[in-house]
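# Observations on chain architecture
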Amino acid sequence: MNLAIDLALCALILGIAVAVVAGRGVFRAIVFFIVYGLLVAVGWVRLGAVDVALAEAAIGAGLTGVLLLAAHGRLMRAGAGSDISGPPIWAAALSGAALAGLLAWAWFALPLPERPGPELAAAMPRAGVGNPVTAVLLNFRAWDTLLESIILLAALIGLWMLTHDAHWRAPLGLRQHANPEGVMAGFGRVLPPVGLLVGIWLVWTGADNPGGAFQGGTVLAAVGLVAAMAGLFRPPRIGARGWHLALVAGPAVFLLAGLAGALLAGGFLTLPEAAAKPMILGIEIALAVSIAVTLALLVLGPPEPEKTP
Amino acid sequence: MTSLTVFALSGAGLVGIGFFGLLAARHLLRRVVAFNLLGSGLFLYFGAAGGRGGTVDPVPQALIITGIVVALAATALAVGLVVAQARAAGRASLPEEEDVA
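Overview of the structure. It should be emphasised that the depicted structure is a prediction, and the values quoted were computed from it without experimental measurement.

Rules used throughout
Along each chain, numbering runs from 1 in the same order as the chain's sequence is written. Whichever chain is written first becomes A and whichever ligand is written first becomes 1, with later ones labelled in order. Selection of residues for local features in this predicted model requires a pLDDT of at least 70, selection of side-chain atom pairs for listing and counting requires 80 or more, and totals for whole chains, interfaces and linings are taken over all residues. For the side-chain quantities, the full set of heavy atoms in the structure was used; hydrogens and water were omitted. We count a stretch as a helix when DSSP gives it H or I for four or more residues in a row; a strand needs E for two or more, and each element gets its number in order from the N terminus. Only protein chains enter the calculation, and the probe is 1.4 Å; a residue is then buried if its accessible area is under 20% of its type maximum, exposed if over 50%, and partly exposed in between. What sets the accessible areas is the Shrake-Rupley method with a 1.4 Å probe; for residues, cover comes only from the shown protein chains. This count recognises Lys and Arg as positive and Asp and Glu as negative, with His and chain-terminal groups excluded. A single reference atom marks each charge: NZ on Lys, CZ on Arg, CG on Asp, CD on Glu. Pairs of residues are marked as contacts when any of their non-hydrogen atoms sit within 4.5 Å. A residue counts toward a patch only above 30% relative accessible area and without a salt bridge, and it is joined to like-charged neighbours within 9 Å or, for Val, Leu, Ile, Met, Phe, Trp and Tyr, to nonpolar neighbours within 5 Å. Here, a salt bridge means any side-chain nitrogen of Lys or Arg that lies within 4 Å of a carboxyl oxygen of Asp or Glu. Axes here refer to lines fitted to C-alpha atoms; in helices the fit is confined to the stretch in contact. Angles between the N-to-C directions go from 0 to 180 degrees. Here the angle decides the label: under 35 degrees means roughly parallel, over 145 means roughly antiparallel, 65 to 115 means roughly perpendicular, and every other value means oblique. By definition, turning the near helix anticlockwise from the far helix through less than a right angle yields a left-handed crossing, and turning it clockwise yields a right-handed one. Under the scheme applied here, ten amino acids are nonpolar (Ala, Val, Leu, Ile, Met, Phe, Trp, Tyr, Cys and Pro), four are charged (Asp, Glu, Lys and Arg), and all others, including Gly, are polar. When two parts are put together, the accessible area they lose, computed with a 1.4 Å probe and summed over both, is reported as buried area. Pairs were defined over the aromatic rings of Phe, Tyr and Trp, the Trp ring being its six-membered one, requiring ring centres within 6.5 Å. Orientation was assigned from the angle between planes: stacked under 30 degrees, edge-to-face over 60, tilted for the rest. A ring has a charge above it when a Lys NZ or an Arg CZ is no more than 6 Å from the ring centre and no more than 35 degrees off the ring normal. Here, expected helix span is obtained from the residue count minus one, scaled by 1.5 Å. Side-chain atoms within 4.5 Å link the members of a nonpolar core, which is a set of buried Ala, Val, Leu, Ile, Met, Phe, Trp, Tyr and Cys residues.

## Re the overall build of chain A
Helices and strands together make up the secondary structure of chain A, namely eleven helices and zero strands. Ordering the α and β elements of chain A from the N terminus gives α-α-α-α-α-α-α-α-α-α-α. When its C-alpha atoms are laid out on the principal axes, chain A stretches across 65 × 50 × 35 Å. Expressed as a percentage of its 309 residues, the buried residues of chain A come to 47%. Entry remark: accessible area of chain A is about 15,200 Å², with carbon and sulfur atoms responsible for 71%. Computed over 16 positive and 15 negative side-chain charges, the separation of the two mean positions in chain A equals 11 Å.

## A look at the overall build of chain B
When helices and strands are counted, chain B shows three helices and zero strands. Walking chain B from its N terminus toward its C terminus, one meets helices and strands in the order α-α-α. Counting every position in chain B, which comprises 101 residues, the buried fraction comes to 58%. Put simply, of all contacts in chain B between residues at least 6 apart along the chain, 58% involve residues at least 24 apart.

## Side note on a nonpolar patch on the surface
Residue and element names in this part refer to chain A. Together, Trp143, Leu147, Ile150, Leu255, Leu256, Leu259 and Phe268 line one region of the surface with nonpolar side chains, adding up to about 650 Å² of accessible area. Those elements that provide at least two residues to the nonpolar patch are helix H7 (142-160) and helix H10 (241-264). Its place among the elements puts leucine 147 in helix H7.

## Considerations on unusual backbone geometry
Residues and elements named next belong to chain A. Even without glycine at this site, leucine 269 takes up a positive phi of about 70°. With respect to the helices and strands, leucine 269 occurs in the loop between H10 and helix H11 (276-300). On the basis of relative accessible area, leucine 269 is assigned to the buried category, the value being 7%.

## Here's the deal with the packing of helix H9 (residues 213-229) of chain A against H11 of chain A
Residue and element names in this part refer to chain A. As a packed pair, H9 and H11 sit with axes 7 Å apart at the nearest point and diverge in direction by 45°. As summarised for this structure, H9 and H11 are arranged oblique, according to the angle between their axes. Read as a crossing pair, H9 and H11 show a hand that is right-handed. In this structure, H9 uses Ala213, Phe214, Gly217, Thr218, Leu220, Ala221 and Leu225 to contact H11, whose residues at the interface are Glu284, Leu287, Ala288, Ile291, Ala292, Leu295, Ala296, Val299 and Leu300. Split into classes, the residues belonging to the contact of H9 with H11 amount to 13 nonpolar, two polar and one charged.

## Here's the deal with the interface of chain A and chain B
Counting from both sides, the interface comprises 88 residues of chain A and, opposite them, 70 residues of chain B. Roughly 6,900 Å² of surface becomes buried between chain A and chain B when both sides are summed, with 79% attributable to carbon and sulfur atoms. Counting across the chain A and chain B interface gives two salt bridges. The partner of glutamate 304 of chain A in a salt bridge is arginine 87 of chain B, with the nearest N and O atoms 2.5 Å apart.

## Quick look at the packing of aromatic side chains
In total, this model carries four aromatic pairs over all chains according to the counting rule given. The interplanar angle of 25° and the centroid separation of 6.0 Å between the aromatic rings of phenylalanine 33 of chain A and tyrosine 36 of chain A together place this pair among those described as stacked. Placement of the pair is phenylalanine 33 of chain A and tyrosine 36 of chain A together in helix H2 (residues 26-46), with a separation of three residues, close to one helical turn. With centroids separated by 6.0 Å and ring planes inclined at 80°, the aromatic side chains of tryptophan 143 of chain A and phenylalanine 268 of chain A adopt a geometry described as edge-to-face. Of the two residues, tryptophan 143 of chain A sits in helix H7 while phenylalanine 268 of chain A sits in the loop between H10 and H11, which places them 125 residues apart along the sequence. Owing to a relative accessible area of 46%, tryptophan 143 of chain A belongs among the partly exposed residues under this scheme. The class for phenylalanine 268 of chain A is partly exposed, based on a relative accessible area of 37%. One cation-aromatic arrangement involves arginine 52 of chain B over tryptophan 107 of chain A; the distance from NZ or CZ to the ring centre is 4.4 Å.

## Here's the deal with helix H2 (residues 28-50) of chain B
With 23 residues, H2 of chain B should reach 33 Å at 1.5 Å per residue; the first-to-last C-alpha distance of 33 Å fits that figure. Buried residues dominate H2 of chain B, accounting for 18 of its 23 residues.

## Observations regarding the pattern of salt bridges
Summed over the entire model, instances satisfying the criterion amount to seven salt bridges over all chains. Between lysine 277 of chain A and aspartate 208 of chain A there is a salt bridge; the shortest N-O distance is 3.6 Å. Taken together, the residues lysine 277 of chain A in helix H11 and aspartate 208 of chain A in the loop between helix H8 (183-205) and H9 connect sequence positions 69 residues apart. Residues participating in the shared-partner salt-bridge network are Arg74 and Glu304 of chain A together with Arg87 of chain B.

## What to know about the nonpolar core
Burial of nonpolar side chains together is a common tendency in soluble globular proteins. Tyr36, Trp44 and Leu298 of chain A together with Leu29 of chain B are the most contacted members of the largest nonpolar core, which totals 103 residues. If sequence neighbours within four positions are ignored, leucine 29 of chain B has contacts with Val26, Ile30, Leu68, Ala71, His72 and Leu75 of chain A together with Val79 and Val82 of chain B.

## Observations regarding H2 of chain A
Over its 21 residues, H2 of chain A extends 30 Å from the first C-alpha to the last, a length consistent with the 30 Å expected when each residue adds 1.5 Å. Turning to H2 of chain A, its buried residues are Val26, Ala29, Ile30, Phe33, Tyr36, Gly37, Leu39, Val40, Ala41, Gly43 and Trp44 of chain A. Those residues of H2 of chain A that are buried are in contact with helix H1 (2-22) and helix H3 (50-78) of chain A together with helix H1 (3-24), H2 and helix H3 (58-89) of chain B. Directly after H2 of chain A, the chain includes glycine 48 of chain A, whose backbone phi takes a positive value near 85°.

Encoded structure:
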């Protein structure tokens, strides 16, 4: 029974992936991609990885979908939104098939791994949190998460560098118009409070249940995006100091925690056992704020003020 | 044929499909979409491989979450570059590929 569900789900996922790649039309491909992302999130739940499912649904399907749709809109306005067709490239199809075949062969040829070593199970009670994924992300492999938070900043700076010099002081993103009686304005009244509660809850409960800074931070970023798109507030300028503080709060707190660990527990990012839980929570809250602001600004894009006629 | 094998083979298939899309699509935004397909297929493969030890292994899951977030950041930067290129050239395709029939 379980196998039948998984077979049907994977058949659906593969079918939609083929529709994304082989269909005609850019908009159609983007919409199919969003559906694909949600199905893959269900697949992650079937694999027992609920934190990954939350991240995939929020970031992989949700934020990436919004990003691509906004880009499509910009391209349409620039006259480049329609698909470009050409003769099929058989070499690409053959190499794709070969790659898939190699990975499939590798799956059967790889030796079975040993169970997650006893070190992880023995270390979990000392990690300070109950959710093993959060413990790995923020305690055992905190170095990766620290670098990841800095990578987000680097991507944002790279995106800002695409701004025209003349637009440097304009607010980020396109100018948003929302009909005050319309659906978007209605969403702007209803969704932000709900999203705020859900996002904060996801960050808080990530310590012991599925959830965490990334998932909650993404929901908070979505709240910010809905508010900006409904016209509730103007997006900031690149030079706004308060927003710079929010952007670097996460990596900065993380670095400070790492240095504190170096002083108190003998290694950079080694959290002392007695203070592990409050330190992890503090890092998570700062990280969630930074992730929310960084992801929202990444999706809004560089400043693009309308040309004055 | 266990559930994990089904997901791993689907992940392998998605990598192949995404790779084909990355090479064969001419519109740059479709290339970005295919790149995301490739990435998420690889994550599925990795996640299925991480579940092979019997008990749920949280280390691959944490790495996959990191990968998903970094893929979004890379996609945002790529999309910004695509829009800038389209505004400069009028077409969402690379200049060296425009005279290929």
